[in-house]
Each structure stands twice: as structure tokens, then as C-alpha cells.
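Working through the structure, step by step
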Amino acid sequence: MDYKYFPHTADDLKAMLDRVGVAALDDLYAQIPDSIRFRGDYQLPLSASELEVRQIFERLGSQNRQLTCFAGMGVYDHYTPAVVPNLLSRSEFLTSYTPYQAEVSQGTLHSIFEFQSMMTELTGMDISNASMYDGATAAAEAMLMAMAAGKKVSKMLVAGTVNPQTIEVMRTYAMHQDIQLDVLPVADGATRLDDVRERLAEGGYAGLLVQQPNVYGIVEDFSGFADACHDQKALFVIDSVAADLAVLKTPGEWGADIAVGDGQSLGIPMAFGGPYVGYMCCTEKLIRKMPGRIVGMTRDSRGQRAFVLTLQAREQHIRRQKATSNICSNQSLMALFVTVYLSLMGRRGLKEAAELSYAGAHYLCDRLLQTGRFTLPYADKPFFNEFFVRYDGDGDALYQHFLDAGILGGVRFDDGFLFAVTEKRTKEEIDQLVSLV
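Here we summarise the structure given alongside this text. (Residues numbered from 1 in each chain as written. Predicted model: local features only at pLDDT ≥ 70, side-chain atom pairs only at ≥ 80, totals over all residues. Heavy atoms only, no water.)

Helix length check: helix H7 (residues 164-175) (12 residues) gives 16 Å between terminal C-alpha atoms against 16 Å at 1.5 Å per residue, within 8%. Taken as a whole, H7 has its buried residues at Thr166, Ile167, Met170 and Ala174. Buried residues along H7 cover an arc of 100 degrees about the axis, so they all sit on one side. When the buried face of H7 is taken as reference, the exposed residues oriented beyond 90 degrees from it are Gln165 and Met175. In this structure, the buried residues of H7 make contact with helix H6 (135-149), strand E3 (155-158), strand E4 (180-183), strand E5 (205-212) and strand E6 (235-240). (Helix = DSSP H or I, 4+ residues; strand = E, 2+ residues; numbered from the N terminus. Expected span 1.5 Å × (residues − 1). Buried < 20%, exposed > 50% of the residue type's maximum accessible area, 1.4 Å probe, protein only. Arc of directions from axis to C-beta. Contact = heavy atoms within 4.5 Å.)

Okay, structure coming up:
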């Protein structure tokens, strides 16, 4: 198994195999069923010209279907202004690395500082780090942050109205940290304050994580949640869709200690699932517990404005056992994406896009209810640009019917559909979807 570009010798491989207690490399894959293991030769040519390689990928790309998207559940089809990818493709951004040397990295540090500034303004919090991998891992990191900030705690509470995928990522993190992750029950599509108080009163909880809007698209009322957490020495964490904060009450206004979420809604294309960018903000007193990097602004010896890495708790910089993060430099590129997008849109543009999304979602909901085939189970709860409905009929058949017509008709969730509308969806597209019902 000697390969030209692999540096490990046969002795190196044997030493590593002995350490993990297996006789051969194939033993590492013994758990994988033989029926799904590929044992043939890869259909790859020995060589190809640049023209041939381009043609291969163009053929592959042409197999993708461009669907009109009414799906959401954490990933939204917002418009990306052309100038954003154009600027990001510049080599000084696209190939930039971690800004270890401040004197030659002022541009990168400045862009990160602006990202932090914009995220604190959007969330109403004191401090922002320089981005996380995505929204789900940001939520998991917030759980670890709450554990580090607490005393005599071993449990974390999460609302049952949080995206199930986020909860699963949190479970994965918790499993290897000996953290007990408890999920609150869902009451009429939302989280009850009484349930929060009752569970926190048991003691030993580091914090509570909720989602706004929640997985059903409902905008929840979190009045009293922060006090309930703080009365029990626990932290209050809110996971929000970034773009929605242009018009919704901010985590800071709800009294949150930590605000997390995904920045994908700030113009980042869906791109088959990534790369995206998570955000994390917190109160000033928690700054030392925050993972990732924090860029600060100062003055140099000549009195000129300068940017520096104020805090960097990555495992490359400090003792590994003391580190709070291993977030790397590619996230700075996606943070820059968000920064350019927000700079272009401004407060007014961001609010206008949010209002168009809200109006479109409520128009679609009304039209679907008029068909007599859908019901809105949580009709007394407000929603923003996403909503959950039940369908009187074969939901899977209807979903396939949408696909056949070139429409990604929401997300099949629980026993119904979760529809999302952004500023990209036109009245004609919405009417087309309804006509298919």
C-alpha cells in the first residue's frame, strides 16, 4: 500500500496499527458491510487535457436540476448580489490565510472586525467572534461554552422546537463530553415557560437553548425565559436565522447570554449544503469562554488605527487542554461574504428583503388554506417566512408532483409540509405551486 505522495513508511503504518490494536488497514473498515463496499477500479482516465476536464465537469453539472425552491428548515434561497462573489474571487481574499502577522494582515483583520461589528448589531449582543463552521455546530459550541461557564453542571436543556438536525449535532458533541442533553416537550408548537422553570429547578443545568423562529416557523414569545435561567445560574442561548433579525426582536432584547445561528440566510447560496458560516455572540462577561478568534481595533505607535487578534483561544495558539476552538481560516472567507452582503444591503435593504419574505409566506399560506386541502395546526401562533401545514391526502405523492413540475415544494416534516418563502419567490411562482395542489 505504498503511494507516491504518502509520507508514511511501512514501519510508520505498523506502529500506528499496533497503537490502535488492529493487524491491517482493512481491519479499520470491518464494520462496513461488504455489500456496500466498492472493490472495482475507479473509472478515471490516466490523463486528460484542460479542455477535456472542463467538458467532463460541464456534463456532470448539466445533470443538476434547477428547482424553484420553497424549502427552508435552516437553509434559504435568498438572492446573492453579483458583486459579492465577484469581490470574494479576488486573490487577496480567496487565498488569504490566518492573520498571524498583524502588520501584513490589516485587510483581513479589518474585514473580520467589520463582520464582528455587524453581527453584534444584528443580534444586540456585546461581543462577536470571527465565525463558526455553521449554525448547528455553533449551537453545539454554545453548549460547551455554557458548560465551561457553569459550576457543578453536567446537563444542558434544549427546546423540542429546535431544528432536529441541530439537536443531533448537539448530541454528538455531548456524547463525547459526558454531557446530559435533555429535550423539553413541545406544547402547541412552542415551548412553555412553566416547563422551563420546572426542569431548571431540578438543578445541574448549564443552560437552555431555544430557536427563533422555531422549527415550525413560529415566532415564539420568550418573555421570562432569561429570568428563569438566571434564577438557576444557567445561561440563556438563542439560535436565530440571521436574516430574520432584521425585523424580529434580537437575542439581546430577549436577555440572552449567547446568540448563535447560521449566516447562510445573508446571501450565501444554498450550494448543496455548504460552505456556510455560523455566528456566535455573547455578553461581555463571557468573552473568555468564547471559542474562536476575536479581532480588536487599537492604535499603533504612530497613533494610526490598527487591527489585531485580541483573543485567540485556538489549540494552535495555547495549550491544547485550555483551547476552546479549532475553527480555521476558511471561515473568514464566508464571514467576508456576509460582510460584503450586509454592506451592500444596509439596514434598509435587509429589512425590505425580510418584509418581502414575510409577505410572500403569508400569501402562500392563505392560498393553500383556501384549497381546503391544508390546515394550519398552530393558527394562533405568529410566523415569519416559514410555516408548517398539514395536508389532507397523500403528502408524498403531492411532494413528487411538485418535483415533477420543477418545484421543491417545501420540506416533508412530521405529518405535513414546512414551506419557506424568500424575496426571490414571485407571485406567479407561488400561484403555480398552489395550482398543482
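Okay, the pattern of salt bridges next. Side-chain pairs of opposite charge can arise whenever the charged atoms involved come near each other. Scanning the model with the defined rule gives 20 salt bridges in all. The partner of Lys424 in a salt bridge is Asp77, with the nearest N and O atoms 3.0 Å apart. Pair noted here: Lys424 is in the loop between strand E15 (416-420) and helix H13 (427-436) and Asp77 is in the loop between strand E1 (68-69) and helix H3 (83-88), with a separation of 347 residues, a long-range link. What makes Asp77 buried here is its relative accessible area of 11%. A salt bridge links Arg302 to Asp300, with the nearest nitrogen and oxygen atoms 3.8 Å apart. By relative accessible area, which is 27% here, Asp300 ends up partly exposed. One salt-bridge network, in which partners are shared between bridges, spans Asp77, Lys424, Arg425 and Glu429. (Salt bridge = Lys/Arg side-chain N within 4 Å of Asp/Glu carboxyl O.)

One open sheet holds the four strands; their spatial order is E11-E12-E15-E14, and the pairing between them is antiparallel. Each edge of the sheet is formed by a strand with only one pairing partner; in this case those strands are strand E11 (374-375) and strand E14 (411-413). In this structure, E11 lies alongside strand E12 (residues 386-391), joined through two bridges in antiparallel fashion. By the bridge assignment for E12, Phe374 is matched with Tyr391. Helix H12 (residues 395-404) rests against E11, E12, E14 and E15 of the sheet, and its axis sits at about 35 degrees to E15. (Pairing = 2+ DSSP bridges. Axes fitted to C-alpha atoms, helices over the stretch in contact; angles between N-to-C directions.)

Across residues other than glycine, the phi torsion is negative in most instances, and most of the peptide bonds are trans. For the bond from Gln212 to Pro213, the omega torsion is -15 degrees, close enough to zero to count as cis. Locating Pro213 in the fold gives a position in the loop between E5 and helix H9 (225-231). Omega for the peptide link from Gly274 to Pro275 comes to 5 degrees, which places this bond in the cis form. By the secondary structure assignment, Pro275 is in the loop between strand E7 (258-262) and strand E8 (278-282). The phi dihedral of Asp178 falls on the positive side, at around 55 degrees, and the residue is not glycine. Considering the arrangement of structural elements, one finds Asp178 in the loop between H7 and E4.

What follows deals with the nonpolar core. Core analysis: the largest hydrophobic core is formed by 49 residues, its most contacted members being Met156, Leu208, Phe236 and Ile258. Counting residues per element, this core draws most heavily on H6, at eight residues. Beyond its immediate sequence surroundings of up to four residues, Leu208 is in contact with Met156, Leu157, Val158, Ala159, Leu184, Val196, Phe225, Cys229, Leu235, Phe236 and Val237. (Core = buried A, V, L, I, M, F, W, Y, C linked by side-chain atoms within 4.5 Å.)

Before going further, it helps to examine the pairing of E7. Within E7, five of the five residues are buried, which leaves the element mostly enclosed by the surrounding structure. Alternating residues of E7 divide into Ile258, Val260 and Asp262 and Ala259 and Gly261, and every residue in both groups is buried. Pairing of E7 with E8 involves five bridges; the strand directions are antiparallel. By the bridge assignment for E8, Ala259 is matched with Cys281.

Moving on: the sheet that holds E5. Hydrogen bonds between backbone atoms are what pair the strands of a sheet, whose relative direction is either parallel or antiparallel. The mixed open sheet is built from seven strands, whose spatial order is E2-E8-E7-E6-E5-E3-E4. With one partner strand each, in any of the chains shown, strand E2 (127-128) and E4 form the two edges of the open sheet. Here three bridges tie E6 to E7, and the two strands are oriented parallel to one another. Among the inter-strand pairings, Asp239 is bridged to a residue of E7, identified as Val260. H6 contacts E3, E4, E5, E6, E7 and E8 of the sheet and is inclined by roughly 160 degrees relative to E7. Each of E3, E4, E5 and E6 touches H7; the most contacted strand, E4, lies at about 155 degrees to it.

The gaps left among the atoms become clear once a water-sized probe is rolled over them. When its volume is computed, the largest pocket comes out at roughly 590 Å³. Its residues assigned to classes, the lining of the largest pocket shows 11 nonpolar, five polar and three charged. Within this model, the second largest pocket holds a volume of roughly 440 Å³. In terms of lining residues, the second largest pocket is bounded by 28 residues, among which Met73, Gly74, Asn163, Thr166 and Asp262 are the most central. If you list the elements that add at least two residues to the lining of the second largest pocket, you get H6, H7, E6 and E7. Within the lining of the second largest pocket, the residues separate by chemical class into 10 nonpolar, 13 polar and five charged. (1 Å grid on protein atoms, 1.4 Å probe; cavity = no way out; pocket = protein on both sides within 12 Å on 5 of 7 lines; lining within 4 Å. Points joined across faces, edges and corners; volume = space filled by probe spheres on them. Nonpolar A, V, L, I, M, F, W, Y, C, P; charged D, E, K, R; others polar.)

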